[in-house]
Amino acid sequence: MQDVKSVIIVGVGGQGAILVSKIMTNGLIQAGYDVKQSEVHGMSQRGGSVSTQVRWGEKVYGPVFGKGCADMLIAMENMEAVRYADFLKPDGVAVINDYERDSMTTASGIEEYPEGCLKAMQEQFRTIAVDAEGIAEELGNAKCMNVVLFGALADSLGMDDIDWEAVVAETVPQKARDLNLEAFRRGREAAVNAKA
Amino acid sequence: MKQLLSGNEAIARGLYEAGAEFASAYPGTPSTEVLENLVQYKDDIYCEWAPNEKVATEVAYGASMAGARSFCTMKMVGANVAADPLFTAAYQGVTGGFIFMSADDPSMHSSQNEQDNRHYARHAKIAMVEPSDSQECKDFVKMAYELSEKFDTPVLYRVTTRIDHSKSLVELGEREEHTIEPYEKNARKNVCTPANAYMNHPIVEQRIKKLAEYGNDCPFNKVEMNGTKIGVITAGISYQYAKEAFPEDTSFLKLGLTYPLPIKLIKEFADKVDELYVIEELDPFMEDQIKAAGIECKGKELTDEKYELNAQLLEERIFGKTPDTKEVAVKAVMRPPALCPGCPHRGFFYTMSKGKNYVVTADIGCYTLGCAQPLNAIDSVLCMGGGFTVGMGMSKVFERTGADKKVFGVVGDSTFFHSGMTGLAEIAYNKGNVIPVVLDNRITGMTGQQENPGSGYTLEEDAASMIKIEDIMKACGFVNVFTVDPQDLKAMQEAVDGALASEEPAAIVARRECRLLKRAEKPDGICKVDSDKCIGCKMCLKVGCPAVSFKEGKSVIDTTQCVGCTVCMQVCPADAIKKEAR
Ligand SMILES: Cc1ncc(C[n+]2csc(CCOP(=O)(O)OP(=O)(O)O)c2C)c(N)n1
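As the structure is a prediction and not an experimental result, all values here were calculated from the model. (Residues numbered from 1 in each chain as written. Chains lettered and ligands numbered in written order. Predicted model: local features only at pLDDT ≥ 70, side-chain atom pairs only at ≥ 80, totals over all residues. Heavy atoms only, no water.)

A. Expanded view of the sheet that holds strand β16 (residues 406-412) of chain B. Residues and elements named next belong to chain B. Read from one edge of the open sheet, six strands run β15-β14-β16-β17-β19-β18, paired in parallel fashion. Each edge of the open sheet is held by one strand with a lone partner, namely β15 (380-381) and β18 (480-484). Here β18 pairs with strand β19 (residues 506-511) via five bridges, running parallel. In the strand pairing of β19, Val484 is matched with Ala510. Packing against the sheet, helix α15 (residues 345-354) makes contact with β14 (358-362), β16 and β17 (434-440), and its axis sits at approximately 155° to β17. (Pairing = 2+ DSSP bridges. Helix = DSSP H or I, 4+ residues; strand = E, 2+ residues; numbered from the N terminus. Contact = heavy atoms within 4.5 Å. Axes fitted to C-alpha atoms, helices over the stretch in contact; angles between N-to-C directions.)

B. Representation of the interface of chain B and chain A in the model. Contacts between chain B and chain A engage 53 residues on the former and 60 residues on the latter. For the pairing of chain B and chain A, the buried interface totals around 4900 Å² over both sides, and the portion due to carbon and sulfur atoms is 62%. Its largest share of buried area at the contact with chain A, chain B owes to Lys326, Val333 and Arg335 of chain B, together 18% of the area lost on that side. Joining chain B to chain A, the criterion identifies four salt bridges. Across the salt bridge formed by Asp102 of chain A and Lys551 of chain B, the nearest N and O atoms sit 3.1 Å from each other. Linking chain B with chain A are 18 residue pairs in polar contact (both at pLDDT 80 or more). Sorting the residues of the side of chain B that touches chain A by element identifies β8 (166-170), α10 (237-245) and β21 (548-551) of chain B as the ones contributing at least two each. The biggest single contributor to the side of chain B that touches chain A is α10 of chain B, with five residues. Here the side of chain B that touches chain A is composed, by residue class, of 26 nonpolar, 15 polar and 12 charged. Pairing between strand β2 (residues 34-39) of chain A and β8 of chain B: two bridges, direction antiparallel. Counted as the bridge partner of Ser38 of chain A is Ser166 of chain B from β8 of chain B. (Buried area = accessible area lost by both parts, 1.4 Å probe. Salt bridge = Lys/Arg side-chain N within 4 Å of Asp/Glu carboxyl O. Polar contact = N/O pair within 3.5 Å; in protein donor to acceptor, adjacent residues only side chain to side chain. Nonpolar A, V, L, I, M, F, W, Y, C, P; charged D, E, K, R; others polar.)

C. Up close: the site of the ligand. Residue and element names in this part refer to chain B. Taken together, 26 residues sit near the ligand, with Glu53, His345, Asp413, Thr415 and Gly445 positioned nearest. His345 has a polar side-chain atom sitting 2.7 Å from an oxygen atom of the ligand. The contact in question runs from an oxygen atom of the ligand to an N or O atom on the backbone of Cys366, over 2.8 Å. Coverage of the ligand by the protein amounts to 97% of the 580 Å² it exposes when considered alone. Listed by contribution, the elements that provide at least two residues to the shell around the ligand are α4 (76-92) and α17 (413-429). When residues of the shell around the ligand are assigned to their parent elements, the largest contribution, four residues, is made by α17. Residues of the shell around the ligand, tallied by class, amount to 10 nonpolar, 13 polar and three charged. Each of domain 1 (2-215) and domain 3 (345-511) gives at least three residues to the shell around the ligand. (Near = heavy atom within 4 Å. Areas by Shrake-Rupley, 256 points an atom, 1.4 Å probe, with all protein chains shown as cover. Domains from an automatic or database assignment.)

D. Spotlight on the state of the cysteines. Residues and elements named next belong to chain B. Inspection of every chain in the model, using the stated rule, returns zero disulfides over all chains. Note on Cys568: no disulfide assigned, nearest cysteine sulfur contributed by Cys527 at a separation of 4.6 Å. Exposure remark for Cys568: the relative accessible area of 8% places this residue in the buried category. (Disulfide = S-S within 2.5 Å. Buried < 20%, exposed > 50% of the residue type's maximum accessible area, 1.4 Å probe, protein only.)

Pasting the structure below:
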């Protein structure tokens, strides 16, 4: 299983993790890999914590993997990055949308949203943090945050033979194509700056 | 090119290719997407949402009796509802092939228990098939129909969440039409009088023996010999995990026909290896039968009968390899699911949360989330339909003990048609001191917006008769039925007070469209806090809306989440929240 790559995408129900995995899997299938992807529907989609896993390689067996197995963690929210951090390999990469969303319990004051989530991730892992939320708002549509984040992680996938821009253009709805392409490019740039 | 399909998408495709003609289901995670995808083939296959799983099973079985290749599907607890027709269908056999799909949910991602429905195959004495990826999800459908017709048996098509909701690559084929033979009455076989059942039972026992024999050499079951040290017997998703976790020279007996077990084939395989493992999620279903056949193997003492497996867990539990992880210095707090901003259920549960002597026996649906903090407005949830009837039982005891409790039995609209109506009859008939409440959001919400008998449309998107809940309540003898918009808190409280004060049997229908409904009106504004006026009393936090939070002594409303329902505005004592146009 050495050649199999594993990625976990986490966030809050409704943030659009599924589109990120769809772009990713479309590109990987075109490049000829065996691909498996797994998600959970139902209760957790009502504003709960959600996760999606993507794996690819010569031959993939399990559609899901356990702790310490992910090459990459893509988090659409800071506390969710922390929640799933133990899925990352010690030398794995975290790509994080630097954004905090209250949970029902922190919003209503039952418990505190933990401080320093992003910093804690940066201390332990190679981390690329981008303000995908802010960039999406600048582009006039907060919903394209997921594609900004995909832009930020694209180069870290190490799949240089895949033309991700073309894959994004094919995957997103036609009428939102230009917006999403811009979102993708801005995310990609932001990642370059974040590394420097 | 191969397509990346989820197991459920692939099963739908398999039904199409296998020439299926009839499909009925009641939604339930993780099974729902089969029918949602199948409906694209509605010109070839009749597709419907049934009011519940028992009905889905019966109509699909009727279609089989009339000669069609038919299908029904449900989540695993749905099989409990459908068990009655299933067990007798097992005695009577099929005409057109009949597949009964059960989607189990190990780890209970969206379920109320973790039952292992493989036991149903053994209990009902029918064949069981378990695919292990999306390609098999598709291919096994056609094979299962052939099996069903050849052996005159319903087939339990058993899948789990990671089969249903994982995507893998699938090679598609073409549809092969199936011919429906002209109907011939066969009352001897199909009328379950005791005398006929008596004659059917030996046929069932014979059938299981023949199926077991068939399993020893059939396309569902495969031996992969890679070495003689370790052998693994496995099926379904566990096969994938075991392939990844065990060393390369491990041999596999991968079963696709998992009931009855091919004991002869298993013995032969066991004889070829030094050490035998049985790898399966949940109960030791195969392991117990293999051990009972006198074959030594290892299984549950290592793998555990609770929750899902994966390759890493197998490596840890079988080979003692602990995962290599790093700990971060911060701990995440819980992020439980919550009622959406603008959810019509919120107004009802807020009203309930204020009643000191209210007992709320609720049911399964989005509205179960009325149990969560800060609303905390539900006493019990048992099963679909239980909202009315558990309350009924409690109220009889409260009457006896003289406890000052007001019981509200609460179900959603889809739940009402599923199994609430019989409970309503129970309350009317046995004079229950319970107020039945239907939270009618005009759709089946929790499972992702499926039509139901009250919503006015069918799965195939035709207009349908819209059954009125109030009319059914009145027909049962509920003289005072209060229909109310739950988002109007004052009206909601009045309806509750009115129902409690009523001398005659009373009921409540709280009606407002789910915000996620495609047909719903678009939000007409958002609520904003005037922080100069906000006195920081936190009243608005008590409605449990994800859009409302408290920062630096004042309430704030997240503009991206708010849909302007005004429930927070209605509870603000300082008039600090205003609704503005978007
Ligand atoms: C026997 C059974 N079948 C199916 C389900 C899956 N299920 C859970 S909630 C639900 C729908 C509830 O719809 P409704 O009563 O309209 O309430 P809403 O979610 O819209 O508030 C379904 C189908 C289940 N839990 N149990």
